[in-house]
Amino acid sequence: MSEGRPDEERTGEAGYFRERARIEQGNLRHRDKLKEEGKLFVRDRLKLLLDPGSEFQEDFLFARSQDPETPADGVVTGVGSVDGRAVCIMANDYTVKAGSWGEKTVQKIVRIQERAQRLQLPLLYLVDAAGGRISEQIKIFPGRYHAGRIFYNEVQLSGVVPQVCILFGPSPAGSAYLPALTDCVIMVDGKASLYVGSPRMVEMAIGEKTTLEELGGARMHCSVSGCGDILAGSDEEAIELAKRYLAFMPQSYRERPGAAEARPAAPGRSIEEIVPYDQRKWFDMYEVIGHVVDAGSFFEIKRLFAQEIITGFARLGGRAVGIVANQPKVKGGVLMVDSADKAARFIWLCNAFNIPLVYLADVSGFMVGSKVERAGIIRHGAKMVFATSQATVPKISVVVRKCYGAGLYAMCGPAFEPDAALSLPQGQVAIMGPEPAVNAVYYNKIMELPESERAAYVQGKRNEYVKDVDIYKLASEMLVDGIIAGSELRGELMKRLDYAASKQLEFPARRNPVLPV
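Note that the structure is a prediction, hence the values are computed from the model and not measured. (Residues numbered from 1 in each chain as written. Predicted model: local features only at pLDDT ≥ 70, side-chain atom pairs only at ≥ 80, totals over all residues. Heavy atoms only, no water.)

A. Quick peek at the packing of helix H4 (residues 103-119) against helix H6 (residues 147-157). One can describe the packing of H4 onto H6 by two numbers: an axis separation of 9 Å at closest approach and a directional angle of 15 degrees. As judged from the angle between their axes, H4 and H6 are roughly parallel. In this structure, the crossing between H4 and H6 has a hand that is left-handed. Residues Val106, Ile109, Val110, Gln113, Glu114, Ala116 and Gln117 of H4 pack against Ala147, Arg149, Ile150, Asn153, Glu154, Gln156 and Leu157 of H6. Residue composition of the contact of H4 with H6, by class: 7 nonpolar, 4 polar and 3 charged. (Axes fitted to C-alpha atoms, helices over the stretch in contact; angles between N-to-C directions. Helix = DSSP H or I, 4+ residues; strand = E, 2+ residues; numbered from the N terminus. Parallel < 35°, antiparallel > 145°, perpendicular 65-115°, else oblique. Left-handed = near helix turned anticlockwise from the far one by under 90°. Contact = heavy atoms within 4.5 Å. Nonpolar A, V, L, I, M, F, W, Y, C, P; charged D, E, K, R; others polar.)

B. Local environment of helix H18 (residues 434-448). Between its first and last C-alpha atoms H18 spans 20 Å; for 15 residues at 1.5 Å apiece the expected length is 21 Å, and the two agree. Roughly 80 degrees is the biggest bend found in H18, and it falls at Tyr442. Turning to H18, its buried residues are Pro434, Ala437, Val438 and Ile446. Looking at the buried side of H18, the elements it contacts are strand S14 (395-404), strand S16 (428-430) and helix H19 (451-468). (Expected span 1.5 Å × (residues − 1). Bend = angle between axes of the 7 residues up to and from the residue. Buried < 20%, exposed > 50% of the residue type's maximum accessible area, 1.4 Å probe, protein only.)

C. How the structure looks around the pairing of strand S12 (residues 319-326). Here S12 lies mainly inside the structure; 7 of its 8 residues are buried. The sheet contact formed by strand S11 (residues 309-316) and S12 spans 8 bridges and is antiparallel. The partner of Thr311 across the bridge, within S12, is Val324. The turn joining S11 and S12, which pair antiparallel and follow one another in sequence, is formed by 2 residues; a positive phi near 60 degrees is taken by Gly317. In the sheet, S12 pairs with strand S13 (residues 357-363) via 4 bridges, with the strands oriented parallel. Counted as the bridge partner of Ile323 is Val358 from S13. (Pairing = 2+ DSSP bridges.)

D. Representation of the packing of aromatic side chains. With the rule as written, the count across this model stands at 11 aromatic pairs. Here Tyr16 and Phe62 contribute two aromatic rings whose centre-to-centre distance is 6.3 Å and whose plane-to-plane angle is 40 degrees, an arrangement assigned as tilted. Taken together, the residues span a long stretch of sequence, with Tyr16 in helix H1 (residues 12-24) and Phe62 in the loop between strand S1 (57-59) and strand S2 (75-82) at a distance of 46 residues. Residue Tyr16 is classed as partly exposed on the basis of its relative accessible area of 34%. Across the ring face of Phe168, the terminal group of Arg45 is positioned such that the distance to the ring centre comes to 4.0 Å. (Phe/Tyr/Trp six-rings, centres within 6.5 Å; stacked < 30°, edge-to-face > 60°. Lys NZ or Arg CZ within 6 Å of the ring centre and 35° of its normal.)

E. Summary view of the pairing of S11. Counting buried positions along S11 yields 8 of 8 residues, so the element is predominantly enclosed. Alternating positions in S11 separate into two faces, Ile309, Thr311, Phe313 and Arg315 on one and Ile310, Gly312, Ala314 and Leu316 on the other, with burial throughout. For strand S10 (residues 299-301) and S11, the ladder comprises 3 bridges, and the chain directions are antiparallel. Bridging from a neighbouring strand, Glu300 pairs with Gly312 of S11.

F. Quick peek at the state of the cysteines. Scanning all chains against the criterion turns up 0 disulfides. This cysteine, Cys227, is not joined by any disulfide, and Cys222 carries the nearest cysteine sulfur, 9.4 Å off. By relative accessible area, which is 38% here, Cys227 ends up partly exposed. Cys350 takes part in no disulfide bond, and the closest cysteine sulfur, belonging to Cys184, lies 12 Å away. (Disulfide = S-S within 2.5 Å.)

G. Local environment of the sheet that holds strand S4 (residues 123-127). Across the sheet, which stays open at both edges, the 7 strands sit in the order S1-S2-S3-S4-S5-S7-S9 with mixed pairing between neighbours. Edge positions in the sheet fall to S1 and strand S9 (230-232), since each of these pairs with one other strand and no more. For this sheet, the mean inter-axis angle between neighbouring strands, taken without regard to orientation, is 20 degrees. The pairing of strand S7 (residues 184-188) with S9 spans 3 bridges and is parallel. Across the sheet, Met187 pairs through a bridge with Leu231, a residue of S9. Most of the contacts of helix H11 (residues 235-247) go to S7, to which it runs at about 165 degrees, and overall it touches S2, strand S3 (85-92), S4, strand S5 (163-167), S7 and S9.

H. Spotlight on unusual backbone geometry. A positive phi angle is found at Ala173, which is not glycine, with a value near 55 degrees. Structurally, the position occupied by Ala173 is in the loop between strand S6 (170-172) and helix H7 (177-180). Unlike most non-glycine residues, Glu417 shows phi in positive territory, near 55 degrees. Topologically, Glu417 is positioned in the loop between helix H17 (407-410) and strand S15 (420-423).

I. Just the nonpolar core, in detail. Counting residues in each nonpolar core, the largest one holds 71 residues, and the members touching the most others are Phe313, Val324 and Met384. With 33 residues, the next largest nonpolar core counts Val127, Ala147, Cys165 and Leu194 among its residues. (Core = buried A, V, L, I, M, F, W, Y, C linked by side-chain atoms within 4.5 Å.)

Shown next as structure tokens:
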């Protein structure tokens, strides 16, 4: 190009369209690698996410476009429409330096976060990035508006607008905190990864030999660490799951979730058939949930993690609700360290975005023993009790079969201001179950009896105990608001949620609570 003359390839309207097309295609040299890895190009992901024919208002398309190796500096940001709703989007382009963060990358991410705050719109992070570029660390790492600002902004946005991360590939080292600070992390199996140090770094630092999947793979995080909320089988499935999740969310904390068309519950066995009266027999709580919620509406969060408790969104007569349910099929439904954390976070999420809570309890309490005490069962259990106490959305607690000990508190018992504390006819509420209670109170007496008389004595005391905690006796003392037949439960929940919709309750003012973490 001659001095003082513009680049003819980029002059005029034709030049503009050529330049735009060049940037939008990413770095062509690396597109084939995406196909080999079974991953979609960033703009193909956006086509699946955004409404067909809708306009995507992209910001800073020409960022760093002077360098042919870094079109748009490896990230797409802007505002688009998903299922008719405006959302802000940040999406890494893995063809540009493996999606790594450069100076303009960071600036674009910060700007779209600020825009989500101003517009009060949900923010979707489509992550597929190799972390910060060491070659640009002075421009991206330490400063007031460098990478740290991204995490600061996430915290400022937390509970203000929904933040969803779809993790298609890596997000290592410091950038691992971007997914961790969002409300929901969807990870693509076999492709997504989160880790503070790579396998090579781990071996150099502590001598441990491991693989990427073992260290920070999607399945590990969704089933062991709990960093992942939903495991997807492909890019396409991950995008569909994100859209389903978003459908339960309002635009911001100032609004309520939109309603959907009401559907009947799925056909199946009655609750009376599903739930045995014998406390020692397990049943599958998913069957109870299916009997209560609109058919096909249940959307589970952290299905593979801490499976002794079930958390997820559903529709009841078209209304969005959050379900917190013990699962007696797994570990007897007892609350553990991880299940308490899982439930607490979900309760906080629902409360943040005005989603009513339905608790379905069948719990013997929190796990006991030296192993869980050393793991902090009291501290972690306190999180769930704290979250339940703090929630000001409509809350309904249902004793499906039993609710013992501090399990009653964690599952929103009468002391925790539920809008209704209900029980099925087979329900029991007590400090502990009949067997441990009799052994605790009458152990010395049992040991004094001849062995041939012990079984009959113990059975008699158990029968007395069961009468004492009979749900009709508790209802006569006004310790529960109502006893509901299984066949009436769905209708009763819908009715009570309708009445509670106008609830006005604020958690008492303070700078911030001191969480038991």
